[in-house]
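# Coordinate analysis (summary)
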Amino acid sequence: MDLSYSPEDEEFRARLREWLAEVLPGLPAKPSPDDWPGRRAYDLGWQRLLYDAGYAGLHWPVDAGGRGATPTRHLIFLEETEKAGAPYVGANFVGLLHAGPTIAAEGSAAQRARWLPPVLRGEEVWCQGFSEPDAGSDLAALRTRAHRDGDDYVVSGSKIWTSHAEVADWCELLVRTDPKAPKHRGITWLAMPMNAPGITVRPLRTLAGSAEFAEVFLDEVRVPVAHRVGEENDGWRVTMVTLSFERGTAFVGEVVACRRVLGELAHEAHKNGRWDDVPLRRRLGRLNAEFRALWRLTQWNVSESERTGGVPGVGGSVFKLRYSQARQELYDAAAEVLGPEGLDLDREWTVDRLSSLSYTIAAGTSQIQRNIVAERILGLPKGR
């Protein structure tokens with residue numbers, strides 16, 4: 001892995017910084033966290049600005065509508081946009097970080113032409129319909145059924161923790177198409193339009209008071225067979241592609257954000273006198289080393305995905321496992337630095353701390369990640 005920057009890379013960085021300095025002051029105010037239609041419009045507007053400037057899908061393949069940039073350029077983009085305080089992908093994250101890359105890797109030419117450009121242009125939002133109430137961390141135990149009826153699949157069942165379902169146009173949906181097959185072999189990956197008859201969305205409110213997740217109930221929803229990505233009953237393999245993106249590269253920007261927050265915490269500790277607390281100072285120093293190491297691991301994972309045709313490997317599970325814990329430790333340290341002020345829900349750090357509690361569960365629990373590391377990387381036998 002080459003971690004150096006070429007003169008061309010530094011020129012790209014300078015142009016990006018100049019563009020960000022010009023564009024960011026003109027952005028509208030961020031909408032309220034509870035205003036999801038407003039947040040959708042805000043996030044799509046930012047995505048359109050990126051598209052018009054040539055920064056949308058920077059690392060996507062050219063034939064998928066992207067710029068075909070190197071992993072180094074992608075990382076520079078993430079570093080600079082985070083440092084500049086640019087908007088995060090927000091409501092676009094499933095389309096840009098999960099569904100879009102999966103369709104780019106596994107979809108047909110017609111599917112790529114239909115679904116990828118609207119994601120990059122900031123015209124359509126995707127949600128993720130994977131988890132189910134009775135499946136827990138055992139994703140392959142899903143029960144949502146789909147049977148073939150002519151040119152359609154007829155889908156019935158329910159999903160939970162469906163990200164941004166209330167404002168989504170499309171859903172990356174896992175269904176069981178062969179109930180007699182072993183549980184990993186009877187699954188199919190579908191792209192479901194969220195305006196189809198038979199879909200009911202019920203938002204879920206989180207500990208932090210937001211409602212970016214929902215329950216989704218499906219009552220004989222018809223999804224065209226043409227919306228199947230991959231072959232029927234080959235959905236588990238396609239899902240592993242999706243999860244490799246989710247665990248391998250989707251959190252890249254958040255590592256940069258955590259490093260920024262750590263710097264802000266050190267500054268706050270200097271201001272309020274906590275910097276004289278030697279154990280706390282040592283704790284912040286260890287976290288600094290932790291996130292520097294995670295950034296190097298991120299660089300390795302992104303470089304690895306370039307060598308494998310754009311699909312990250314199982315190293316993403318190593319990253320996800322450690323990042324989830326480090327993020328919680330960061331906001332535990334934030335609570336120590338901020339003191340009683342850290343209980344104020346109006347402060348962004350407080351909301352982020354509550355959100356951090358979910359990271360050892362979201363995108364695959366830490367227990368699942370340990371199994372993947374043990375079995376697929378270390379070659380240990382499966383537990384009984």
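Description of the structure in this document. Please read these numbers as outputs of a predicted model, since none were measured by experiment.

### Some thoughts on the packing of helix 1 (residues 7-23) against helix 3 (residues 71-83)
When two helices pack together, their arrangement is captured by the angle between the axes and the distance separating the axes. Packing of helix 1 against helix 3 brings their axes to within 10 Å, and their N-to-C directions diverge by 30°. With respect to helix 3, the axis of helix 1 lies roughly parallel. At the point where helix 1 passes helix 3, the crossing takes the right-handed sense. Only T72, R73, I76, F77, E79, E80 and T81 of helix 3 make contact with helix 1, whose side of the interface consists of E8, D9, F12, R13, L16, R17 and L20. Each residue belonging to the contact of helix 1 with helix 3 can be placed in one class, and the counts come to five nonpolar, two polar and seven charged.

### Let's talk about the state of the cysteines
In the structure shown here, the tally under the stated rule is zero disulfides. There is no disulfide at C127, and the cysteine sulfur nearest it, in C171, is 3.8 Å away. In this structure C127 comes out as buried when scored by relative accessible area, which is 0%. For C171, a relative accessible area of 3% corresponds to the buried category.

### Quick notes on helix 4 (residues 93-106)
Compared with an ideal rise of 1.5 Å per residue, which puts 14 residues at 20 Å, helix 4 spans 19 Å between its outermost C-alpha atoms and is within 8% of the ideal. By the largest-angle criterion, A99 marks the main kink of helix 4, which is about 40°, and a proline, P101, follows within four residues. A large share of helix 4 lies buried, amounting to 11 of its 14 residues. Regarding helix 4, the residues found buried are V94, G95, L96, L97, H98, A99, G100, P101, T102, I103 and A104.

### Topic: helix 2 (residues 36-53)
Over its 18 residues, helix 2 runs 26 Å from end to end, which matches the ideal 26 Å to within 8%, given 1.5 Å per residue. The distance from a side-chain oxygen at the start of helix 2 to the backbone nitrogen of G38 is 2.9 Å, and the residue carrying that oxygen is D35.

### A few points about a positive patch on the surface
Taken together, the side chains of K83, R259, R292 and R296 make up a positively charged region of the molecular surface. Relative to the assigned elements, K83 resides in helix 3. With a relative accessible area of 55%, K83 lands in the exposed category.

Parameters and conventions
Residues numbered from 1 in each chain as written. Predicted model: local features only at pLDDT ≥ 70, side-chain atom pairs only at ≥ 80, totals over all residues. Heavy atoms only, no water. Axes fitted to C-alpha atoms, helices over the stretch in contact; angles between N-to-C directions. Helix = DSSP H or I, 4+ residues; strand = E, 2+ residues; numbered from the N terminus. Parallel < 35°, antiparallel > 145°, perpendicular 65-115°, else oblique. Left-handed = near helix turned anticlockwise from the far one by under 90°. Contact = heavy atoms within 4.5 Å. Nonpolar A, V, L, I, M, F, W, Y, C, P; charged D, E, K, R; others polar. Disulfide = S-S within 2.5 Å. Buried < 20%, exposed > 50% of the residue type's maximum accessible area, 1.4 Å probe, protein only. Expected span 1.5 Å × (residues − 1). Bend = angle between axes of the 7 residues up to and from the residue. Polar contact = N/O pair within 3.5 Å; in protein donor to acceptor, adjacent residues only side chain to side chain. Patch = residues over 30% accessible without salt bridge, like charges linked within 9 Å, V, L, I, M, F, W, Y side chains within 5 Å. Areas by Shrake-Rupley, 256 points an atom, 1.4 Å probe, with all protein chains shown as cover. Salt bridge = Lys/Arg side-chain N within 4 Å of Asp/Glu carboxyl O. Lys, Arg positive; Asp, Glu negative; His and termini not counted. Charge placed at Lys NZ, Arg CZ, Asp CG, Glu CD.

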